[in-house]
Amino acid sequence: MDLTAWQQAQSAVLGSLLIDPDRTAGLVFAQARAEHFSDAGMRHVFEAARDLWREKRPVDPVTVLEEMKALGITNPYMDEDGYVYGTVPGDPSLPTIGL
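Since this is a predicted model, take the numbers as computed values, not measurements. (Residues numbered from 1 in each chain as written. Predicted model: local features only at pLDDT ≥ 70, side-chain atom pairs only at ≥ 80, totals over all residues. Heavy atoms only, no water.)

Participant: Would you mind showing me how to read the environment of A70 here?
Facilitator: When you line up the elements, A70 lands in helix α4 (residues 61-70). Distance from A70 to A48, taken between C-alpha atoms, is 10.0 Å for residues 22 residues apart in sequence. (Helix = DSSP H or I, 4+ residues; strand = E, 2+ residues; numbered from the N terminus.)

Here is the structure:
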C-alpha cells in the first residue's frame, strides 16, 4: 500500500518509539500529540505508548498491545503476540508501525 509522506512520517515516529524507546520517547512525547496521528490505529498505539511511558512502564510492542487490550482497544496493526503488522519498507522482520 502506498503511503503518503505524512503517513510515512507518522509510521517512522511510532517505529522509532517502539524500536528504541529509551532514546526516543522523551523527544517524541515532548513534541507529538495524539491528534497528530490521522490514522486511528496509529493514534491508539501512540496513546498507549505515551500512557506506559508516563507510568514509567516499558514501552515495547508487547506492553503497548497489552495496554490497548486492557483499554478495550483492538488494533489492526498488532497481532496477539504484540508484533506489529506493516513494517519498515524492505525489512518485514522489524517490529515497527506501517500501513
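Participant: What's the story with the pattern of salt bridges in this structure? I'm lost.
Facilitator: Close approach of charged atoms lets side chains of opposite charge pair. Under the counting rule described, the total for this entry stands at four salt bridges. Between R57 and E55 there is a salt bridge; the shortest N-O distance is 2.8 Å. A residue is classified by how much of its surface remains accessible, and R57, at 38% relative accessible area, is partly exposed. On the accessibility criterion, E55 (45% relative accessible area) is partly exposed. In this structure, R57 and E67 form a salt bridge, with 3.2 Å as the shortest nitrogen-oxygen distance. With R57 in the loop between α3 (40-54) and α4 and E67 in helix α4, the pair connects residues that are ten residues apart, well separated along the chain. By relative accessible area, which is 9% here, E67 ends up buried. (Salt bridge = Lys/Arg side-chain N within 4 Å of Asp/Glu carboxyl O. Buried < 20%, exposed > 50% of the residue type's maximum accessible area, 1.4 Å probe, protein only.)

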